[in-house]
Amino acid sequence: MFGKLKGFQQQGSSVTIRFEQKAATVDIITPGIVRFFVPFTAKQQPSKAIEQLQKTPGSFTVRSGNGEAVIETEKLTVRIGDDFRTTVLDKDGRVLSEDDPGTAAPFIRRGAGEGLELAAAEGHKLEAERNKLKFQVRKKMEHDMFFYGLGEKTGHLNKKGYHYKMWNTDDPSPHVESFETLYKSIPFFIALKDRQAFGYFLDNTYESVFDLGKENSNYYAFGAVDGNLDYYFIYGPSAKEVVGGYTHLTGTAPLPQLWTLGYQQCRWAYVPEQRLREVAETFRRKDIPCDALYLDIDYMDGYRVFTWDKKKFPDPHKTLQDLREQGFKVVTIIDPGVKKDKGYPIYDQGMAGHYFATDKDGLPYVNKVWPGDALYPDFSSHKVRSWWAANQKIMTDTGVSGIWNDMNEPASFNGPLPDDVQFQHDGVPADHREIHNVYGHYMAKATYEGLKKATGKRPFVITRACYAGTQKYSTVWTGDNQSLWEHLRMSLPMLMNLGLSGVPFCGTDVGGFGFDCTAELLARWIQVGAFTPLFRNHSSIYTRDQEPWAFGEQTEAICRKYIKLRYRLLPYLYDLFHQEEKNGLPLIRPLLLNDQHDPRTYEINDEFLCGDDLLVAPVVTQGEKARAVYLPEGSDWVDYWTKTVYKGGQYIIRETPLDVCPIYIRSGAVIPLYPVQHYVGEQPVTELTLDVYPARKGIRSYRHYQDDGESFAYRKGAFNLYQFDVTAGGDGKTIRISAEKKHAGYEKGYRSFRFIVNQIHPAAITLEGEPVAFSDSGNQTVFTVKKTGEVTIQL
Ligand code: MIG
């Protein structure tokens, strides 16, 4: 397709490579990120995922060698030969990734067409013919490779041997491993080879496919049905650096409001108003913390977006105000489909402004969704996004605190949108094939901008469909799962891979959306939910009730216990988001992200790390009374419940009565804790607790971040930063904890610090020489100090 290499030319950070038939551009973004670009389509369009590309290529050289163009950055060597065949090497000359020289050789699907129609008629889903790809990039598969990422996919953590498609899809049937598509398209994956990680990001919004050694174990490949060849190689060598590089390109999730990390209760649907109030009151009466309640489609007047059904909610403003006084925020659903209905202002405005996507003849395109005949706002156009953003005020003026965007794949009841539906796309018209995968992205962006403008607070948007980069605007949930153990199990690798794909703020419907939950399943799912960034229980209309109290006292007590634990951990989760805003690292992490040195972590599906230091090994199988837990090598691990210390690098068996979710703390960790509250902001938090797990030797530092939890003032310095250094004296006789305020910008700082130091028996504790009173309960030593400074613990 390219032919022989004819020459190259450097201009700034770009190198243009000429081949007999085409030219390609290789762009050095940073010493570890290289972009490969070939404009197959005539139009040059800005990336939809990357909005502000910061180039810091460092010093690099370009020369020719052995008939190839050789680019050397500070971290990589990139060799480009005939036919645009590329090889990427690290500084030691080890090949990281290399184009496969052969031709595509997919395995054969035997069957020769016989019986195909009958099998399909019986309901078998048969693999259709190969996608008609416009291009495919094939890389050589080396013996031991592992693949992660690709956003929201079913199946296991390691994607090796599987094939996936990127085409946002609303399929409410039970999601299983054979699904190649779901609601989100994030064409990015991480490869791990010889303990070195690197990633590929294909920035192409058309339907794309990723084959990780399924069609042929000798190569892995990616390609798209149209658009440009436009992909990035992102070097590690740690997977953390790859995620950092990917989010350097596509952006990180902004720090959310603190209440959005509290427990959230949803249901299709809390109507009428009395039912919503009843749920709110039950939370408070039963002493189960909760910050947010959701209104699903039934609050609207005939599913008309931005309206209220006045029979169900005679005075929504008052209802929401009363709930706010009880500490509840209300989040309402807004779908994209606008009811075709003359006299309905949103429809009339959309028609007058030409805001809707059209058919190929320019007439507004109509399909069916909840409100019946409906039109699709063209979110790819700036003027439509501004209009939609302004509409958010209708909701926030009524007292709504967050917006939930559903059905934005976009979904349709009357067959899929035809390929030739037209979008204006900021003046560069595009068809549905190009816009489909970014429709939800642009809707979320408009919603974010509208909420920001209307409230001045950090917007809370939750979206079902997304593309690479949507994390800048919205949190996501994984759509219509079901109350199945299989779906609880699957949620772990799914959320871990979403996190690795740059989407840190994610969650599944806790308890499962479709089908009827059971007592045991809810108890176990809440235990997982307590550690997922978005902690939202949601269930479908006509399914069994799924609130924490719906299954009797034992389940209720377990829900209360874990929801309360979640509220204790809020400052830890918030700290992780504060760090994530800078480094892009997810909250829920596969073990390999922190412990890449230990290959036994590479394929663990049923454990995860929350941040660096908290390992969660939940029970995801019905009736399981004990489970194996792998503890990564190189650290000691403390059982959170018993405080027993285990050496890393081993499998242990943990008993798992129904109220126990196994949790292990990495030795050396400092975990900040808040008092339990019924909702964020119920009481001002004047004391910070630090749960300290001293390592046997060395120094470990922890930074804690504090701000007002809702505004953007932190971007102008209105925050406090505390640093805690825990030093274990080499003689085993002293531990020093120094607390220092590194940044003071938020006036409501803490008045005291309460330390819980695990597994020590002190003889004396002093703060800057003054004695400090303490209690020693056997496993834990507890003391409180009123100021920062250096605490010395004599053992
Ligand atoms: O066609 O709004 O995934 O969370 O409750 C169903 C009703 C539409 C699908 C969402 C689900 C939501 C439901 N919606």
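Keep in mind that this is a model prediction, so the values were computed, not measured.

Colleague: An account of the packing of helix α5 (residues 345–352) against helix α6 (residues 382–397) is requested, with residue identities and associated values reported.
Modeller: Put simply, α5 and α6 touch, their axes get as near as 12 Å, and they point 165 degrees apart. Between α5 and α6, the crossing angle belongs to the class labelled roughly antiparallel. In this structure, α5 crosses over α6, and the sense of that crossing is right-handed. Facing I346, Q349 and G350 of α5, the residues of α6 in contact are W387, N391 and I394.

Colleague: Just give me the short version of the layout of surface pockets, but keep the residues and values in it.
Modeller: For the largest pocket, the calculated volume is near 840 Å³. Around the largest pocket, the lining comprises 36 residues; the ones closest to its centre are V680, G681, D708, G709 and E710. Elements represented by at least two residues in the lining of the largest pocket include exactly α11 (570–583) and β44 (698–706). For the lining of the largest pocket, the class distribution of residues is 15 nonpolar, 12 polar and nine charged.

Colleague: Help me get a handle on the nonpolar core, residues and values and all.
Modeller: In this structure, F201, W388, F531, L614 and F755 are the most contacted members of the largest nonpolar core, which totals 185 residues. By residue number, the principal contributor to this core is helix α7 (residues 432–455), which donates nine residues. With 43 residues, the next largest nonpolar core counts V34, V78, F147 and Y235 among its residues.

Colleague: I'd love a proper account of the sheet that holds strand β15 (residues 196–202), names of residues and values included.
Modeller: Strand pairing in a sheet is mediated by backbone hydrogen bonds. Such pairs are either parallel or antiparallel. Read across the open sheet, the eight strands follow the order β1-β2-β3-β4-β18-β15-β14-β11; overall the sheet is antiparallel. Two strands close off the open sheet at either side, each with one partner strand: β1 (5–11) and β11 (145–149). This sheet shows a mean twist of 20 degrees between the axes of neighbouring strands, independent of strand direction. Bridge count between strand β2 (residues 14–19) and strand β3 (residues 23–30): five bridges; the pairing is antiparallel. Among the inter-strand pairings, V15 is bridged to a residue of β3, identified as V26. Contacts between helix α8 (residues 485–500) and the sheet are confined to β11 and β14 (188–193), with β11 contributing the most and set at about 85 degrees to the helix.

What counts, and where the lines are drawn
- Residues numbered from 1 in each chain as written.
- Predicted model: local features only at pLDDT ≥ 70, side-chain atom pairs only at ≥ 80, totals over all residues.
- Heavy atoms only, no water.
- Axes fitted to C-alpha atoms, helices over the stretch in contact; angles between N-to-C directions.
- Helix = DSSP H or I, 4+ residues; strand = E, 2+ residues; numbered from the N terminus.
- Parallel < 35°, antiparallel > 145°, perpendicular 65-115°, else oblique.
- Left-handed = near helix turned anticlockwise from the far one by under 90°.
- Contact = heavy atoms within 4.5 Å.
- 1 Å grid on protein atoms, 1.4 Å probe; cavity = no way out; pocket = protein on both sides within 12 Å on 5 of 7 lines; lining within 4 Å.
- Points joined across faces, edges and corners; volume = space filled by probe spheres on them.
- Nonpolar A, V, L, I, M, F, W, Y, C, P; charged D, E, K, R; others polar.
- Core = buried A, V, L, I, M, F, W, Y, C linked by side-chain atoms within 4.5 Å.
- Buried < 20%, exposed > 50% of the residue type's maximum accessible area, 1.4 Å probe, protein only.
- Pairing = 2+ DSSP bridges.

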